[in-house]
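# Residue-level structure breakdown
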Amino acid sequence: MASPTSWSEENFSCPICLDVFSSPVSTPCGHNFCRTCITKFWDEQAQCKCPVCNELFHTRPDLRVNILVSEMAAQFKTSVRVKEQPCVERGEVPCDVCTGTQLKAVKSCLVCLISYCQTHLEPHQRVAGLKKHRLVEPLDHLEGRMCTKHDRLLELFCQTEQVCVCLLCTVTDHKSHPVVPLKEEYEVKMAQLGNIESEVPQMIQERKQKIKAIKDTVKLSKKDADTEIADGVQVLTALMRCIEKWQEDFNQTVQEKLKSTEKQAEDLIKELEHEIEDLTNRCSEVKQLSHTEDHLHFLQAFRSLKDPPPTRDWTTVEVRPPSYVGTLWRSLDQLEETLNMEMKKWCGVELKRVQQYEVDVTLDPDTAAPWLILSKDWKQVHYVYGRGNKPPDNPKRFTDVACVLSRQSFSSGRFYFEVQVKDKSVRCLGVARESIDRKAKIALTPKNGCWGISLENNVFSFHDDPVVCVPVRAELQKVGVFVDHEEGLLSFYDVEARVHIYSATGCTFSEPLFPILHPICYGGPLIISPVNQTD
């Protein structure tokens, strides 16, 4: 006998509803119908007859379930249902009840915490008690939806601790916390997610722009590096030419002195050799004459030998080696002068570069010590000893050192400003960190948060430990100050002479920096002047 799975649906279809039998019953004529279908059919007819063969029944037959057909129809339904249900694929939720090949789950029960395929879901659709269970779309990892402490479903959200909780949690650990249903918090978070979703493209665009800016910076840095190398090669080539020319001139000077000595010696030797030759000839004549017996010839020849040939008194004649004392130093002085000229040209180029980072600096009256007077434009500061008017107290004010800071601070990058110091002396000119102690008499050194120079009696000093002294030109009029925050570089320039004075490297600028001025009581005002970028 063939199994039900090898038959078609027609073998198990009700002639009335044309669907697979549901509670099949047989009529006395041998035909099978669904109990509901045949009952309803006879209720609507005046006489009871078979819908298939039209056999008439005088009384309504007592219908009984056809057990064989019922079982075979049930098996057919199950086999067809299984065949129609798809197997679980990647990313889908599998049925937790299926053994062997797992089918795709169609629902998950939040009470049973099990996911069911269509076949195994059938009891939840038929049994009264299971119908009350809450079914949702298939969910994976249902065990994670249970409270680990109370073994209850996580169905609320604690807004204080931002965690999912169960009903018992609201009367224990989260008793005083505001809680809302998961759906309500879900809607709130979804709205926030929408905002995040709209912000993300903007954030991506900003980061793309940042990447472009970084690449542009690298490209510009490469261009600057190429320019710097080219300028360096040009300057160093010029310096090497100067050194080569200096060496050539120095060698020539020494060689000329040596040649002069050699010429003198050569001339003297020639003269001496000439006298030796004359004397040798005279000696031969004397010897020859000493052997003659002719009285007349002897007397006549002796007359010519009586007077010796003219010769020099060689006792005082000498060849002195040339003196090279001072030759090297004079040449070095010339080299230094030439190198200074070349370095001045290069410094002019460098100064023009740093002047491009000019910032507008004004002085902050709230920081000025009691002895200082500022101009109305906040560009000049003058030291007045014994000033009578006491300024209002301010936590930013210097009280023990006559300093004043700028209004502007600089936390990164590069900046440059210039200060006139003509006919003046300055106790400190430079930059200071924001946290510098303004209420104590401190040394204005890097250790205490100040990087600056002083200028007194034409002696330029950088305030470090120990102090660095650098000689400067007597006519120093204007000092340029350049700071590279990231490089930890602080440089000072003689603006009028367009020469570099001093650079402090390896400085630790971990805070915002403020330009700082400290005039001397017997000097004139210090003036922050605009930058004049001249060629």
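Thresholds, definitions, all that
Here, residues in each chain are numbered from 1, in the same order as that chain's written sequence. Selection of residues for local features in this predicted model requires a pLDDT of at least 70, selection of side-chain atom pairs for listing and counting requires 80 or more, and totals for whole chains, interfaces and linings are taken over all residues. Water and hydrogen atoms were dropped before computing side-chain values, which therefore reflect all heavy atoms in the structure. In the sections that follow, a salt bridge refers to a side-chain nitrogen of Lys or Arg positioned within 4 Å of a carboxyl oxygen of Asp or Glu. Under the scheme used here, helices are H or I runs from DSSP no shorter than 4 residues and strands are E runs no shorter than 2 residues, and both carry numbers assigned from the N terminus. When a residue's accessible area, from a 1.4 Å probe over protein chains only, is under 20% of the maximum for its type it is buried; when over 50% it is exposed; and in between it is partly exposed. Centre distance within 6.5 Å is the pairing criterion for rings of Phe, Tyr and Trp, where only the six-membered ring of Trp is used; planes under 30 degrees apart are then read as stacked, over 60 as edge-to-face, and the remainder as tilted.

Let's shift gears to the pattern of salt bridges. Summed over the entire model, instances satisfying the criterion amount to 15 salt bridges. A salt bridge links D216 to K212, with the shortest nitrogen-to-oxygen separation between them at 3.0 Å. Here the residue D216 and the residue K212 both occupy positions in helix 5 (residues 182-289), the gap between them amounting to four residues, near one helical turn. Looking at D216, the relative accessible area reads 37%, which means it is partly exposed. One salt bridge in this structure joins K478 and E418, with 4.0 Å as the shortest N-O distance. With a gap of 60 residues between them, K478 in strand 20 (residues 478-484) and E418 in strand 15 (residues 414-420) connect regions that are remote in the sequence. The residues K478 and E418 share a single accessibility class, namely buried.

Once that is clear, we can look at unusual backbone geometry. Across the junction of D465 and P466, the peptide omega takes the value 10°, indicating a cis bond. Among the secondary structure elements, P466 is positioned in the loop between strand 18 (459-462) and strand 19 (468-471). Of note, N54 is a non-glycine position whose phi angle comes to about 65°, a positive value. Structurally, N54 can be placed in the loop between strand 3 (48-49) and strand 4 (56-57). Even without a glycine there, the phi angle at Q162 is positive, about 55°. Mapped onto the secondary structure, Q162 falls in the loop between strand 9 (156-158) and strand 10 (163-165). Taking relative accessible area as the criterion, Q162 reaches 42% and is therefore assigned partly exposed.

Below, the discussion takes up the packing of aromatic side chains. Going through the model one piece at a time under the given rule, you end up with six aromatic pairs. Plain terms: the ring middles of Y357 and F482 are 5.9 Å apart, the flat faces sit at 45° to each other, and that makes the pair tilted. Of this pair, Y357 sits in the loop between helix 7 (327-354) and strand 12 (372-374) while F482 sits in strand 20, and the two are 125 residues apart along the sequence. We classify Y357 as partly exposed; its relative accessible area is 32%.

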